[in-house]
Amino acid sequence: MLTTARVALSGLAFVTGHVLARRRTRRDPLPEGRCREETTFATLHIAAMAAPALRTGLNRDSARKAARHLRALLGTRAVAITSTEAALAWDGPCTDDVVTYARAALAAGRPQVFAGQPHGAVVVPLTVDGTVVGTLAAFGDEISAALVRTVTEVGRWVSGQLELAELDASRRRALEAEMRALRAQISPHFIYNALTTIASFVRTDPKRARELLLDFADFARYALRQAHDFTTLADELTCVDHYLLLERARFGDKLRFSMQVAPEVLPVPVPFLCLQPLVENAIKHGMRGRRGAGEVRVVVRDAGLEAHITVEDDGAGMDPECARRMLDEDPAREGGGIGLANVDQRMRQIYGDGYGLVVETALGAGTKVRLRVPKTQFSSS
């Protein structure tokens, strides 16, 4: 991404020089220093207008929105953008030869100059990660060496924006894959245990069975919905509440739980399904091998610019080195600790390494998992 940014900046610097030369040719009355400043500003402003559309990828809509800005940037009679198969959009009086010109540039894999009538054209390939995905064509009355270089540099800048779009799309696909993995992780064990528990109440306590079935339906509806990367802390806590009610039905009085939440943090945006795996882990390790009752506590505090969340159990705890290995587990691998590793990885990807999970534990001392969430929403969409 850094290389792409450097290419973009160097390309725009050259384009700025070309635009400045055009203004000098027109004998612009402004002093040279002021003329250069205004030209630089105008070039960057036009590029900024075209960039948002290009950052969505190469398609008809993005090409249509970007074409008029690219034409203003180049100062040519017309600009056209094509895919590898067809013309996507153009601005200005474009000739019918644009597809023929584009095919020639695609076949050559490098910029091509055409001396057509009544206007010539410069056509440059657009690439993403070394693969040609389309072309940028500029039409003008006079095709000079400076124009060829300028169109080439603008084509490199457009390619850079398209590469950034692909990086954004790859990041979204990765987050979606992790979300699907997290959902798959929840489904097998919990669903089986929950339905078995509900079935046990069908004859002995039909009313309780109905209530639990509604809790299970609400939990499943939330956990398996087509969701964005973010939800609210209030929704996450509601999901946890349904989960805890089902687990309480399973363990009976052996499981005690409490939730202490500062009301002012309920609207805070949080990554979807970031709390339930932590509570599931607390119950799994807190209740393991116990003869007496175990307790799980969820505390959510307002900490200024952040919300601080702790999920704690009073179980047997573990060796701190074991906890570290749990966080280092591959989230795609089956086994203990996948829930923690998945949440930890997602938090680091979204907010940065400083926002990973913190696990405090020791043998015989229970386990506490701490999570920090900034109040400002970050999104991979």
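Residues numbered from 1 in each chain as written. Predicted model: local features only at pLDDT ≥ 70, side-chain atom pairs only at ≥ 80, totals over all residues. Heavy atoms only, no water.

Describe in detail the pattern of salt bridges, supporting the description with residues and values.
Enumeration over the complete set of coordinates arrives at 18 salt bridges. Across the pair R221 and D218 runs a salt bridge whose closest N-O atoms are separated by 2.8 Å. With R221 and D218 both in helix α6 (residues 206-223) and 3 residues apart, this pair spans about one turn of that helix. With a relative accessible area of 55%, R221 lands in the exposed category. Look at D218 and you get partly exposed, because its relative accessible area is 31%. K375 is paired through a salt bridge with D302; the nearest N and O atoms lie 2.6 Å apart. Here K375 is found in the segment after β12 (367-374), whereas its partner D302 is found in strand β9 (residues 294-303), with 73 residues between them in sequence. Residue classification places K375 among the partly exposed residues on the basis of a relative accessible area of 30%. (Salt bridge = Lys/Arg side-chain N within 4 Å of Asp/Glu carboxyl O. Helix = DSSP H or I, 4+ residues; strand = E, 2+ residues; numbered from the N terminus. Buried < 20%, exposed > 50% of the residue type's maximum accessible area, 1.4 Å probe, protein only.)

With reference to specific residues and values, describe the packing of aromatic side chains.
Counting across every chain of the model gives 6 aromatic pairs. Their ring planes at 80° and their centres at 6.5 Å tell us that F230 and Y351 sit as a pair that is edge-to-face. In this pair, F230 sits in strand β6 (residues 230-232) while Y351 sits in helix α10 (residues 338-351), placing the two residues 121 residues apart along the sequence. Among the residues examined, F230 registers a relative accessible area of 11% and is labelled buried. The structure contains a cluster of three or more aromatic residues connected by ring pairs, namely Y101, F114 and F139. The aromatic ring of F201 is capped on one face by R208, whose charged end is 4.9 Å from the ring centroid. For R372, the ring lying beneath its charged end belongs to Y355, and the centroid distance is 4.3 Å. (Phe/Tyr/Trp six-rings, centres within 6.5 Å; stacked < 30°, edge-to-face > 60°. Lys NZ or Arg CZ within 6 Å of the ring centre and 35° of its normal.)

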